[in-house]
Structure formats: C-alpha cells, structure tokens
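Breakdown of the fold
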Amino acid sequence: MRKITLILAALTLCLTVSCNQNKDSYVEISGYTQGGEFHVKFNTKGIKKSPEAICHDVDSILTCLDTTMSGYNPGSVLSRYNRGERIQPNWVWGDIINRATNIYRITEGMVDVASAPLFDLWGFGFTGQDKTIPSDEELAKVRASCGMSNFDGNLYQAAPGLKFNFNAIAQGYSCDVVANYLYLLGIKDMLIDIGEIYVDGKNPAGQGWTIAIDSPVDGSKELGESIQGTWVSDGRKHGIVTSGNYRKFFIKDGKKYSHTIDPRTGMPVQHNLLSATVMAEDACTADAMSTACMVMGLEKAKEFILNSSYEAFLIYDEDGVMKNWASPGFIVNR
C-alpha cells in the first residue's frame with residue numbers, strides 16, 4: 001500500500017490519461033487507475049515509438065490489470081472468481097497467482113492472497129462490511145476454509161470458501177508490468193508510480209530519482225505531510241514500497257486494530273513497528289516483503305532483512321517516541 005511520496009516537478013493531473021513531453025526528451029503519463037492516481041515518467045531519447053503511442057499502450061496495460069485484479073470492480077476476473085463463477089484466465093491472472101504462490105512460500109504464509117475472507121471479516125476487504133471484532137467461532141470458521149493451503153491450483157473456478165485479495169502485491173506488480181513494457185521499447189530511465197514505486201536510470205537532471213518517506217502518524221491522509229527523510233536511487237533498477245498501519249485501522253474499547261492481518265492467526269498484528277519501507281529489485285517483491293515485515297514485527301523484520309537480499313528502513317515506536325532502523329544498504333538523507 002502506498003506510504004511513499006514522490007519528489008518531482010509539478011505533475012500533470014487529469015481525469016483521463018494525459019501525456020506531456022519536455023525539451024529533455026522526458027515524457028510523463030498520468031491518470032487514474034486502481035482507485036488512485038498514477039504517474040509514469042521516462043526518457044524517450046533514441047526511442048522510435050511516439051509518446052502518444054506509448055501513452056495509449058500504458059493506458060491499455062493498466063486497464064487490463066484493473067479489469068483482472070481489482071476487487072472493487074464487480075466485473076473483474078477477480079470478482080467473478082471470488083463469486084464462484086467459472087472464468088477464462090488471461091495472462092495476468094495466471095502470472096499474478098504464480099507470483100503470489102512463490103511469495104506465500106518465501107514468506108512462510110505471512111503474505112497470503114487467499115486470505116481475503118479474513119480481511120472481509122474484519123471490515124478491511126471488498127465487501128463493505130463494517131469494521132468489527134469477530135467472535136472466536138467466526139474467526140475459526142473462516143480460517144478453516146481460506147488460505148493458499150486450500151488452493152487446489154484451479155485457475156478457472158474457486159473452491160468453496162476460497163477468495164483472493166491481491167492488495168498486498170497488485171500495485172507493485174502493476175509497476176513491474178509497465179516497466180517491462182518500457183524495457184521492450186529500449187527505455188532505461190524511468191520512474192513508475194502506481195501507488196507503489198519502481199525506478200531505473202536517472203531523472204531529467206541526470207541524477208538518481210529522489211523518494212521521500214512519510215512519517216507514520218496515525219490518521220495521516222496527505223502524502224508528504226510529514227517525512228522522515230529521503231532516499232536517492234543509485235541508477236539501478238529498484239522497487240521501493242512502504243507498508244504501515246497508520247492510515248487503515250479502527251479503535252474499539254481503546255484498542256487499535258490495524259488492517260495488517262497475520263494470515264496464520266487471522267488476527268490484526270499487535271506490535272510497535274509502525275511502517276516498513278523495503279527496497280528490492282522489483283516492485284512486486286518489495287510490496288510483498290514490506291507487508292511481510294509488518295506482519296513479523298520489528299525484531300523479526302530486522303533479522304529477516306539482514307539475512308536476505310533486500311534492504312529496508314523500519315520506523316517504530318519506543319515508549320511513545322518514533323525511532324527508526326535502516327539496513328546497511330538503505331541510505332536515508334535527513
């Protein structure tokens with residue numbers, strides 16, 4: 001989920017996809033997809049395809065992704081599958097489930113796209129159900145029927161009780177799909193912001209792309225309202241994604257219940273880790289691993305990152321004071 005603010009020149013916002021080109025051969029595409037704004041900026045120097053044609057193609061890609069993975073679109077492949085209808089899988093459907101299956105294995109069940117009924121139960125899913133605390137009996141019943149352990153590999157029709165929710169990986173995955181298209185055209189310098197972020201190469205100033213990391217203040221709605229620092233890319237390909245519990249939660253009887261649910265227990269997590277920003281080679285992986293860190297909690301997340309190929313910046317609470325920890329390869333400028 002998006003918790004990162006993009007530092008760029010003024011952006012062109014529009015109700016439909018628009019395309020802007022500046023004198024330095026950088027083009028920016030912006031519009032709306034998956035319930036929010038997107039911005040794609042890239043260098044067209046030496047590229048034969050016109051910016052208008054690229055703009056059209058990116059719009060088509062994002063439309064395909066939205067009509068496949070969106071749980072808020074009743075006509076999407078996901079929505080129809082979750083209703084138990086028999087579907088005809090497209091390339092996106094098979095690919096993202098394959099990615100999700102690998103992520104489930106790597107995270108040992110901490111990121112489980114087949115745990116959608118748990119999110120619905122707590123009021124954080126697609127059903128519009130009120131946020132409430134389920135009974136032990138309700139929780140046990142839902143846990144018994146959902147999860148990737150109950151997925152039989154059938155891409156055409158869901159088993160009873162099985163539903164998918166790709167929110168932990170969909171936006172990162174979308175960034176990667178758009179990036180792969182741009183690479184096919186020969187484009188190297190790019191920044192893709194579809195709720196999550198993917199960067200490669202240099203910005204129009206010939207420097208690394210600069211990303212600001214938000215402070216995880218409960219109830220904060222505005223990106224960039226308060227930042228912890230900035231990260232500057234080194235010219236290589238990176239997905240950089242932040243997950244946190246400070247925008248989606250509810251409070252009941254003085255206790256906070258966040259939207260980060262541990263699929264292994266069915267319960268919202270309870271720990272002092274406020275947000276996790278993860279850097280990986282692709283945005284889908286960064287998206288998933290930032291969620292995994294939020295499920296683990298501070299100490300386990302540190303251990304996980306230090307024993308992985310990922311880098312991370314963790315913000316946590318210590319006796320009411322916001323503190324942070326960065327892995328050796330994650331440099332934050334204050």
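Check the entry above for the structure.
Residues numbered from 1 in each chain as written. Predicted model: local features only at pLDDT ≥ 70, side-chain atom pairs only at ≥ 80, totals over all residues. Heavy atoms only, no water.

Here's the deal with the environment of Gly 206
Considering the arrangement of structural elements, one finds Gly 206 in the loop between strand E6 (197–200) and strand E7 (210–214). Spatially, the C-alpha atom of Gly 206 lies 9.6 Å from that of Gly 235, the residues being 29 residues apart in sequence. (Helix = DSSP H or I, 4+ residues; strand = E, 2+ residues; numbered from the N terminus.)

A closer look at the environment of Thr 68
Inspection of the secondary structure puts Thr 68 in helix H1 (residues 51–69). You can call Thr 68 buried: its relative accessible area is 0%. Measuring from C-alpha to C-alpha, the distance between Thr 68 and Trp 91 comes to 9.6 Å, with 23 residues separating the pair along the chain. Apart from residues no more than four positions distant in its own chain, Thr 68 is found in contact with Ser 76, Val 77, Leu 78, Asn 90, Val 92 and Trp 93. Here Cys 64 takes part through its backbone oxygen, which lies 2.8 Å from a polar atom of the side chain of Thr 68. (Buried < 20%, exposed > 50% of the residue type's maximum accessible area, 1.4 Å probe, protein only. Contact = heavy atoms within 4.5 Å. Polar contact = N/O pair within 3.5 Å; in protein donor to acceptor, adjacent residues only side chain to side chain.)

Notes on the packing of aromatic side chains
Applying the stated criterion to the full structure yields 13 aromatic pairs. Geometrically, the ring pair formed by Tyr 72 and Phe 126 is edge-to-face, given 4.9 Å between the ring centres and 85 degrees between the ring planes. Highlighted residues: Tyr 72 in the loop between H1 and helix H2 (77–82) and Phe 126 in the loop between helix H4 (116–122) and helix H5 (136–145), separated in sequence by 54 residues. On the accessibility criterion, Tyr 72 (57% relative accessible area) is exposed. Aromatic pair Phe 313 and Phe 330: ring centres 5.9 Å apart, planes at 20 degrees, arrangement stacked. Residue Phe 313 is located in strand E15 (residues 311–318), and its partner Phe 330 is located in the segment after strand E16 (321–326); the two are separated by 17 residues in the primary sequence. The ring of Tyr 183 has Lys 237 lying over it, and the distance from NZ or CZ to the ring centre is 4.9 Å. Positioned over the ring face of Tyr 316 is Lys 302, at 5.8 Å from the centre of the ring. (Phe/Tyr/Trp six-rings, centres within 6.5 Å; stacked < 30°, edge-to-face > 60°. Lys NZ or Arg CZ within 6 Å of the ring centre and 35° of its normal.)

Section: unusual backbone geometry
We note that Glu 108 has phi near 55 degrees; this positive angle belongs to a residue other than glycine. Unlike most non-glycine residues, Asp 319 shows phi in positive territory, near 55 degrees. If you trace the backbone, Asp 319 turns up in the loop between E15 and E16. Judged by relative accessible area, which is 76%, Asp 319 ranks as exposed.

A word on the nonpolar core
Phe 164, Phe 166, Leu 182 and Ile 192 are the most contacted members of the largest nonpolar core, which totals 72 residues. Element by element, the count of residues in this core is highest for helix H7 (residues 283–296), at 10 residues. Not counting residues up to four positions away in its chain, the partners in contact with Phe 166 are Met 69, Leu 78, Trp 93, Ile 96, Ile 97 and Val 113. (Core = buried A, V, L, I, M, F, W, Y, C linked by side-chain atoms within 4.5 Å.)

Considering the pairing of strand E9 (residues 238–244)
Burial runs high along E9: 7 of the 7 residues are buried. Here E9 shows no split at all, with His 238, Ile 240, Thr 242 and Gly 244 on one side and Gly 239, Val 241 and Ser 243 on the other all buried. Bridge analysis of E6 against E9 gives 3 bridges, and the strand direction is antiparallel. Residue pairing across strands places Val 199 opposite His 238, the latter belonging to E9. Here 6 bridges tie E9 to strand E14 (residues 273–280), and the two strands are oriented antiparallel to one another. Bridge assignment links Gly 244 to a residue of E14, and that residue is Ser 275. (Pairing = 2+ DSSP bridges.)

Notes on the packing of H1 against helix H6 (residues 170–184)
Where H1 meets H6, the closest approach of the two axes is 11 Å, and the angle between their N-to-C directions is 150 degrees. In terms of orientation, H1 lies roughly antiparallel with respect to H6. As H1 runs across H6, the sense of the crossing is right-handed. Every residue of H6 that contacts H1 at Ala 53, Ile 54, Asp 57, Val 58, Ile 61, Leu 62, Leu 65 and Met 69 is listed here: Ala 170, Tyr 173, Ser 174, Val 177, Val 178, Tyr 181 and Leu 182. A class-by-class count of the residues in the contact of H1 with H6 yields 13 nonpolar, 1 polar and 1 charged. (Axes fitted to C-alpha atoms, helices over the stretch in contact; angles between N-to-C directions. Parallel < 35°, antiparallel > 145°, perpendicular 65-115°, else oblique. Left-handed = near helix turned anticlockwise from the far one by under 90°. Nonpolar A, V, L, I, M, F, W, Y, C, P; charged D, E, K, R; others polar.)

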